[in-house]
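Overview (structure and organization)
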Amino acid sequence: MMKKSILLGGAALLATASAAFAQGGPRDQAPANRAEVAAKVDARFARMDANSDGVVDQADRAARMQQRFAALDTDNNGELTQAELKAGRDAMRAKRQERRAERRANRPEPTAEQKQKWAERRAARGERKGERGAKRFAAMDKDGNGALSLAEFTDRPARGNRAEATGKRGGGHHRGAMRMMKRADANRDGALSLQEMRNAALARFDKVDTDGDGTISAAEREAARDARKARRAQRQAG
């Protein structure tokens, strides 16, 4: 049976390389032709294939978790404190903000009112995330010693599995992504090769490229976006 945690990273990959076709504008940097799709898939696959064995499988998830643990364990004592986890989250947040700033460079300057509203929303989200983070930490800290060992850090469901298990927002997205990835695993071996990921992403590209000219036009992007909205509305209504 295909293990879900093997494919969640691949689901994110196809979401980036293919669902982005239905987005518009320079903000999204969606691939415009088949060569760009292949290049994006190749780059993402190289990052996902943590042990460089040519496939994405459970071993890669374990390797990535170990790498993540080592990066967060700044004092190298083999355990993670809440402070170390928070520092890691803050660093990731700073990188995301940098990328957003780059995308916003050519946009009109927001008004003071907009900036204030955004700041209030960020503060509220930060408070909620802090509360959730403390609860997750306590649940992961099985021995209650106030720090996470590598075993405790890695013994947790992948993000998509958590969404499905709790029934919270995101579960539907991940279920759809999992179906996509199961289709991508052409030989049903429970692992994903670079070629399988390329084929899946290019198949979705070709579905949007309705005139078959090898590029995604603004009209085709708009049509794909409308089709996705219609499918989403139909699912919600049903």
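As a starting point, this report considers the structure included with it.

So, on to the overall build of the protein chain. When helices and strands are counted, the protein chain shows 10 helices and 4 strands. The proportion of buried residues among the 238 residues of the protein chain is 30%. Put simply, 62% of the contacts in the protein chain that link residues at least 6 apart link residues at least 24 apart. About 15000 Å² of surface is accessible on the protein chain, with carbon and sulfur atoms providing 50% of the total.

Now for the pattern of salt bridges. Under the defined criterion, the tally for this structure stands at 5 salt bridges. E222 is the partner of R225 in a salt bridge, and the nearest nitrogen-oxygen pair spans 2.4 Å. Taken as a pair, R225 and E222 lie in helix α10 (residues 218-237) at a separation of 3 residues, close to a single helical turn. Owing to a relative accessible area of 21%, R225 belongs among the partly exposed residues under this scheme. Here the residues in one salt-bridge network are K86, D90 and R93, joined through shared partners.

One finds V37, V41, V56, M181, A184, L192 and M197 to be the most contacted residues of the largest nonpolar core, which totals 16 residues. Looking at this core, the elements with two or more residues in it are α2 (34-48), α8 (171-184) and α9 (194-208). Examining the composition of this core, we find that 6 residues originate from one element, α9, more than from any other. Beyond its immediate stretch of four places on either side in the chain, A184 contacts L192, E196 and A200. One finds F69, L72, L80 and L148 within the second-largest nonpolar core, a separate group that totals 9 residues.

Let us look at the side chain of E196. For E196, the location among the structural elements is in helix α9. In terms of polar contacts, E196 uses its side chain to reach the backbone amide nitrogen of N187, at 3.4 Å. Setting aside its immediate chain neighbours within four residues, E196 contacts A184, D185, A186, N187 and A191.

Now for unusual backbone geometry. One non-glycine residue, S52, lies in the positive phi region at around 55°. By the element assignment, S52 lies in the loop between α2 and β1 (55-56). Although it is not a glycine, N76 sits at a positive phi angle of roughly 55°. Here N76 lies in the loop between α3 (58-72) and β2 (79-80).

So, on to the side chain of D141. Positionally, D141 belongs in the loop between α5 (112-140) and β3 (148-149). We note that D141 is buried and unpaired, the nearest opposite charge coming from K142 at a distance of 8.5 Å. Within polar-contact distance, the side chain of D141 engages the backbone nitrogen of G146 at 2.8 Å.

Thresholds, definitions, all that
Residues numbered from 1 in each chain as written. Predicted model: local features only at pLDDT ≥ 70, side-chain atom pairs only at ≥ 80, totals over all residues. Heavy atoms only, no water. Helix = DSSP H or I, 4+ residues; strand = E, 2+ residues; numbered from the N terminus. Buried < 20%, exposed > 50% of the residue type's maximum accessible area, 1.4 Å probe, protein only. Contact = heavy atoms within 4.5 Å. Areas by Shrake-Rupley, 256 points an atom, 1.4 Å probe, with all protein chains shown as cover. Salt bridge = Lys/Arg side-chain N within 4 Å of Asp/Glu carboxyl O. Core = buried A, V, L, I, M, F, W, Y, C linked by side-chain atoms within 4.5 Å. Polar contact = N/O pair within 3.5 Å; in protein donor to acceptor, adjacent residues only side chain to side chain. Lys, Arg positive; Asp, Glu negative; His and termini not counted.

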